[in-house]
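The primary structure of each chain is shown beneath.
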Amino acid sequence: MLPLFEMFMKANGGDAMNQMAKQFGLNQAQVQSAVEALLPAFSIGLKRNAANPMDMGGLIQSMLSGGHANYFNNAASAFNPAGIQAGNDILGQLFGSKDVSRAVAAQAAQATGIGQDILKQMLPAMASMLSGGMQNQMAGGFGTAGLGAGGNVFGQVIEEMMKQAGGQAQPQQAPAPSGNPW
């Protein structure tokens, strides 16, 4: 799976940091610091969801139904009301409650010195962009370099779920052809 930071760096054609800086009145170093402070929470949320098939199914459904690829390809759209709502929906799936989102922003504020209010505003935009990146990755939009399970991020997550459930995920193989196609 492409690391979340690298995925975020690919957003908006590699210009996501500039978009975030403009949107929130920060410089590049501040945005990078904020992103680095917030991404571990996204990773933990994804892992938590991967451990429960119902949660993972809900997260995948949210990603696929929200048109998130647009937020990844056009970061400015992640800051509009629809993008913020889509991001908040993803945050709800990842973190479970607004209280957790607030705690993530508070911890990142302590680590970065950036105001908690700004970080709370960044979270849904980042969630929209990252879910769009995952949607692109699922569709093979980044190629397969560094991806597991045949290049499919969700395949890798499902593989991890199987390992946690006590089984080993085995690659699907086509059945051997018989002499009769009917």
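Read on for a plain summary of the structure. It should be emphasised that the depicted structure is a prediction, and the values quoted were computed from it without experimental measurement.

The next point concerns the side chain of Ser 77. Counting through the fold element by element, Ser 77 comes out in the loop between helix 5 (68-73) and helix 6 (81-95). On the accessibility criterion, Ser 77 (7% relative accessible area) is buried. Polar side-chain contacts of Ser 77 include one of 2.6 Å to the backbone oxygen of Asn 74. Once residues lying within four places of it in the same chain are set aside, the contact partners of Ser 77 are Asn 70, Tyr 71 and Gly 83.

On to the packing of aromatic side chains. With the rule as written, the count across this model stands at two aromatic pairs. Ring centres 5.7 Å apart and planes at 85 degrees place the aromatic pair Phe 24 and Phe 79 in the edge-to-face group. With Phe 24 in helix 2 (residues 16-24) and Phe 79 in the loop between helix 5 and helix 6, the pair connects residues that are 55 residues apart, well separated along the chain. Looking at Phe 79, the relative accessible area reads 14%, which means it is buried. Each ring, one from Phe 42 and one from Phe 95, has its centre 6.0 Å from the other, and the planes form 55 degrees; the classification is tilted. A residue pair is termed long-range when its members are at least 10 positions apart, and Phe 42 in helix 3 (residues 28-50) and Phe 95 in helix 6 qualify at 53 residues. For Phe 42, a relative accessible area of 3% puts it in the buried group.

What counts and what doesn't
- Residues numbered from 1 in each chain as written.
- Predicted model: local features only at pLDDT ≥ 70, side-chain atom pairs only at ≥ 80, totals over all residues.
- Heavy atoms only, no water.
- Helix = DSSP H or I, 4+ residues; strand = E, 2+ residues; numbered from the N terminus.
- Buried < 20%, exposed > 50% of the residue type's maximum accessible area, 1.4 Å probe, protein only.
- Polar contact = N/O pair within 3.5 Å; in protein donor to acceptor, adjacent residues only side chain to side chain.
- Contact = heavy atoms within 4.5 Å.
- Phe/Tyr/Trp six-rings, centres within 6.5 Å; stacked < 30°, edge-to-face > 60°.

Function-wise, these values are silent; they only describe arrangement.
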